[in-house]
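# Tertiary structure, described
Listed here are the chains, written in short residue letters.
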Amino acid sequence: MDKPKTPVITIDGPTASGKGTVAQRVASTLGFHYLDSGALYRLTALSALRRDVALNDEHALAKTAEHLHCHFDGAHIFLANEDVTQAIRAEEVGNTASKIAALITVRQALYSLQLSFRKPPGLVADGRDMGTVIFPTARLKVFLTASVEARASRRYKQLIDKGFSANITDLSRDLRERDERDMSRSSAPLKPAEGAYHLDTSELTVEQAVQQVLSWYAASGH
């Protein structure tokens, strides 16, 4: 099958809006492949932190992104042969990922890798610029949001459940700062793609959000 004919659903949105969980379930329901593009930036951040790469060394950070040896196995994420599914969710890694994601050289280094996930029978990709930059011709584009309060509460629960320490006031502040960075960066800022459906999940269950995306896809004429 020709790649351009392979359907893509993009789900973009801010940190902790629930887009990853929704995207995974939509992909599972449709039997599609899944791309967590944010994980690629987190993997780059984790690799850079472990190698003591300076966060102001744009060239070294881009090289780190370019030579990522990673793969996804269901819900598990591997860097080389190490399962780093939990490690990349640490707040330090997330904040570092948000900072390096503002660098155009890092984004360019990961561009081809992201495109390679488009394979039959289809792809559900979540991130910040899936519908605006990586897959602008996607069959369905969704911009998924939630209030800072709802997102901080979800992130707090996630971290506590995984054994990380967390402070909801700090999380709320970090989310606001990360939103500001993501929306104001010069390269691929966080914003709804042209023609994207908006979905606020503040008051929705995961299942309700998934059903809404599936309903939109069913109506897209696939």
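No experiment lies behind these values; they were computed from the predicted model shown.

## Concerning the packing of helix α3 (residues 58–66) against helix α5 (residues 104–115)
One way to put it is that α3 packs onto α5 with a least axis distance of 8 Å and a crossing angle of 15 degrees. Judged by the angle between their axes, α3 and α5 are roughly parallel. Note that α3 runs across α5; the crossing there is right-handed. Residue-level contacts link E58, L61, A62, A65 and E66 of α3 to I104, T105, V106, A109 and L110 of α5. Along the lines of polarity and charge, the residues of the contact of α3 with α5 split into seven nonpolar, one polar and two charged.

## Quick look at the sheet that holds strand β6 (residues 123–127)
Pairing in this open sheet of five strands is parallel, and the strands run β2-β6-β1-β7-β8 from one edge to the other. Edge strands, defined here as strands with exactly one partner in the open sheet, are β2 (33–36) and β8 (197–200). Direction aside, neighbouring strands of the sheet carry axes that sit 20 degrees apart on average. Strand direction decides the pairing type here: strand β1 (residues 8–12) and strand β7 (residues 140–145), joined by four bridges, are parallel. Looking across to β7, one finds that I9 is bridged to L140. Of the strands in this sheet, β1, β2, β6 and β7 touch helix α1 (residues 19–30), which is tilted by about 180 degrees from β6.

## Looking at the packing of aromatic side chains
Inspection of every chain in the model, using the stated rule, returns three aromatic pairs. When the centroid spacing of 6.0 Å and the interplanar angle of 85 degrees are considered together, the rings of F32 and Y217 count as edge-to-face. Of the two residues, F32 is situated in the loop between α1 and β2 and Y217 in helix α9 (residues 206–218); the sequence distance between them amounts to 185 residues. According to the relative accessible area criterion, Y217 is buried, its value standing at 4%. Consider the rings of Y197 and W216, whose centres lie 4.6 Å apart with planes at 25 degrees: the pair is stacked. Of this pair, Y197 sits in strand β8 while W216 sits in helix α9, and the two are 19 residues apart along the sequence.

About the cut-offs
- Residues numbered from 1 in each chain as written.
- Predicted model: local features only at pLDDT ≥ 70, side-chain atom pairs only at ≥ 80, totals over all residues.
- Heavy atoms only, no water.
- Axes fitted to C-alpha atoms, helices over the stretch in contact; angles between N-to-C directions.
- Helix = DSSP H or I, 4+ residues; strand = E, 2+ residues; numbered from the N terminus.
- Parallel < 35°, antiparallel > 145°, perpendicular 65-115°, else oblique.
- Left-handed = near helix turned anticlockwise from the far one by under 90°.
- Contact = heavy atoms within 4.5 Å.
- Nonpolar A, V, L, I, M, F, W, Y, C, P; charged D, E, K, R; others polar.
- Pairing = 2+ DSSP bridges.
- Phe/Tyr/Trp six-rings, centres within 6.5 Å; stacked < 30°, edge-to-face > 60°.
- Buried < 20%, exposed > 50% of the residue type's maximum accessible area, 1.4 Å probe, protein only.

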